[in-house]
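Spelled out, the chains give:
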Amino acid sequence: MKILEVKDYQQMSNKAAEYIIEKVIRFPSIKLGLATGGTPIGTYKKLIEDHQKNGTSYRRVTTFNLDEYIGLSEENKNSYRYYMNENLFNHIDIEKSRTFIPRGDVDDIQKESLYYEDLIAKHSGIDLQVLGIGSNGHIGFNEPGTLFESSTHIVNLAPSTIQANARFFNRVKEVPTKAITMGIATIMKSKEILLLISGEEKRETLFRLLNGDVNIGFPASVLKNHPFVTIIADEAAVKDIKIPR
Ligand SMILES: O=P(O)(O)OC[C@H]1O[C@](O)(CO)[C@@H](O)[C@@H]1O
């Protein structure tokens with residue numbers, strides 16, 4: 001894993017956006033894996049700014065999002081489809097028909113999981129997957145204990161994840177308790193991974209990632225088995241952590 005240390009959230013967002021833009025310019029038909037949550041919002045802002053200023057085009061780009069809450073329709077303001085439209089897709093020239101997010105509001109979620117996994121495979125996989133990380137080490141919505149062999153599946157969200165995500169809802173009771181997520185094996189099949197970590201509250205998470213062993217109790221540890229992972233972490237997250245070189 002390669003680690004790029006930057007000053008703060010803004011610098012992390014700038015660097016991540018530069019990283020993505022460079023790939024999109026070099027490979028206009030790139031397949032990007034995208035994340036939601038608070039972490040990538042600044043990165044998406046920079047992508048929009050660059051698109052408006054420099055005209056970087058996403059016309060031929062295909063995107064696959066990691067996850068979606070079960071029970072929320074695409075129009076629901078807390079759905080990840082709504083988030084992606086609002087924070088990125090509505091402001092760049094991407095073809096909406098090439099932006100894929102698992103559906104959380106269909107009757108047969110099991111079928112949707114198989115369909116989504118198959119869809120990614122049919123597109124020959126993801127070239128660059130952007131990831132955030134939960135405090136408990138979750139990637140996508142793969143909570144501790146998820147098998148590394150897992151493909152797209154349904155999960156029960158950990159109480160700590162529900163608490164952490166309650167800030168986006170009016171009340172904690174409104175946070176869905178289940179989600180559909182790419183599995184760990186799905187994520188690991190991506191050719192390259194860009195992991196973003198910011199803030200003091202993620203310091204222990206980063207410490208465990210860098211210094212702990214690979215085990216299913218801390219899902220992100222699997223990334224140590226991937227040949228091309230770049231972490232962009234800010235000072236608040238990295239502070240006092242000895243980075244193994
Ligand atoms: O970026 P945040 O809001 O800290 O969330 C971290 C991770 O948790 C999730 O929001 C899921 O809980 C992921 O989508 C995200 O990568």
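Cut-offs and rules
- Every residue gets a number counted from 1 within its own chain, in the order that chain's sequence is written.
- It should be noted that, the model being predicted, local features are given only for residues of pLDDT at least 70 and side-chain atom pairs only at 80 or more, the latter also being counted only at that level, while totals for whole chains, interfaces and linings use all residues.
- For the side-chain quantities, the full set of heavy atoms in the structure was used; hydrogens and water were omitted.
- To define axes, lines are fitted to C-alpha atoms, for helices over the stretch in contact only, and angles between the resulting N-to-C directions are given on a 0 to 180 degree scale.
- Segments assigned H or I by DSSP are reported as helices when at least four residues long, segments assigned E as strands when at least two residues long, and all are numbered from the N terminus.
- When describing relative orientation, an angle under 35 degrees is termed roughly parallel and one over 145 degrees roughly antiparallel, while 65 to 115 degrees is termed roughly perpendicular and anything else oblique.
- Each crossing is labelled by how the near helix is turned from the far one, with a counterclockwise turn of less than a right angle marking it left-handed and a clockwise turn marking it right-handed.
- Between two residues, a contact is recorded if the distance between any of their heavy atoms is within 4.5 Å.
- Each residue gets one label: Ala, Val, Leu, Ile, Met, Phe, Trp, Tyr, Cys and Pro are nonpolar, Asp, Glu, Lys and Arg are charged, and the others, such as Gly, are polar.
- Pairing between strands is defined by DSSP: at least two bridges between them are needed.
- Any residue with a non-hydrogen atom lying within 4 Å of a molecule or strand is treated as near it.
- Polar contact is defined as a pair of N or O atoms within 3.5 Å, subject to the rule that within protein one atom must be able to donate a hydrogen and the other to accept it, and that residues adjacent in sequence are counted only when both atoms are side-chain atoms.
- Accessibility throughout is a Shrake-Rupley quantity obtained with a 1.4 Å probe, and a residue counts as covered only by protein chains that appear here.
- Accessible area is worked out with a 1.4 Å probe on protein chains only. A residue is then buried under 20% of its type maximum, exposed over 50%, and partly exposed in between.
- In this scheme Phe, Tyr and Trp rings, the latter by its six-membered ring, pair at centre separations within 6.5 Å, and the angle between planes marks the pair as stacked below 30 degrees, edge-to-face above 60, and tilted otherwise.

Caption draft 1: Main features of the packing of helix H1 (residues 9–26) against helix H2 (residues 41–54). The interhelical angle for the contact between H1 and H2, taken along N-to-C directions, is 55°, at an axis separation of 8 Å. Regarding the angle of H1 to H2, the classification is oblique. By crossing handedness, the relation of H1 to H2 is classed as right-handed. Taking contact as the criterion, the partners of Tyr 9, Gln 10, Ser 13, Asn 14, Ala 16, Ala 17, Ile 20 and Ile 21 in H1 are, on H2, Ile 41, Gly 42, Thr 43, Lys 46, Leu 47 and Asp 50. By residue class, the composition of the contact of H1 with H2 is seven nonpolar, five polar and two charged.

Caption draft 2: Representation of the sheet that holds strand E10 (residues 229–234) within the structure. Spatially, the seven strands line up as an open sheet ordered E1-E10-E9-E6-E2-E3-E5, and their pairing is parallel. Whereas interior strands pair on both sides, the edge strands pair on one side only; in this sheet they are strand E1 (2–6) and strand E5 (99–100). Against the sheet, helix H4 (residues 109–122) touches strand E3 (62–65) and E5, its axis set at about 150° to E3.

Caption draft 3: Region of the structure containing the site of the ligand. What surrounds the ligand is a group of 14 residues, the closest being Gly 38, Thr 39, His 138, Arg 167 and Lys 202. Here an oxygen atom of the ligand sits 2.9 Å away from a polar atom, N or O, in the side chain of His 138. Compared with its free state, where it exposes 380 Å², the ligand has 94% of that area covered by protein. Considered class by class, the residues forming the shell around the ligand number three nonpolar, nine polar and two charged.

Caption draft 4: Structural detail: the environment of Thr 36. By the element assignment, Thr 36 lies in the loop between strand E2 (31–34) and H2. Taking the relative accessible area as the measure of exposure, Thr 36 reaches 11% and is therefore buried. Once residues lying within four places of it in the same chain are set aside, the contact partners of Thr 36 are Asn 65, Asp 67, Tyr 80, Tyr 83 and Met 84.

Caption draft 5: A look at the packing of aromatic side chains. Summed over all chains, the structure comprises seven aromatic pairs. For the ring pair Phe 64 and Tyr 116, a centre distance of 6.2 Å and an interplane angle of 75° mean the geometry is edge-to-face. Placement of the pair is Phe 64 in strand E3 and Tyr 116 in helix H4, with a sequence separation of 52 residues. Since its relative accessible area comes to 0%, Phe 64 is described here as buried. Look at Tyr 69 and Phe 141: their rings are 5.6 Å apart centre to centre, the planes differ by 45°, and that puts the pair in the tilted class.

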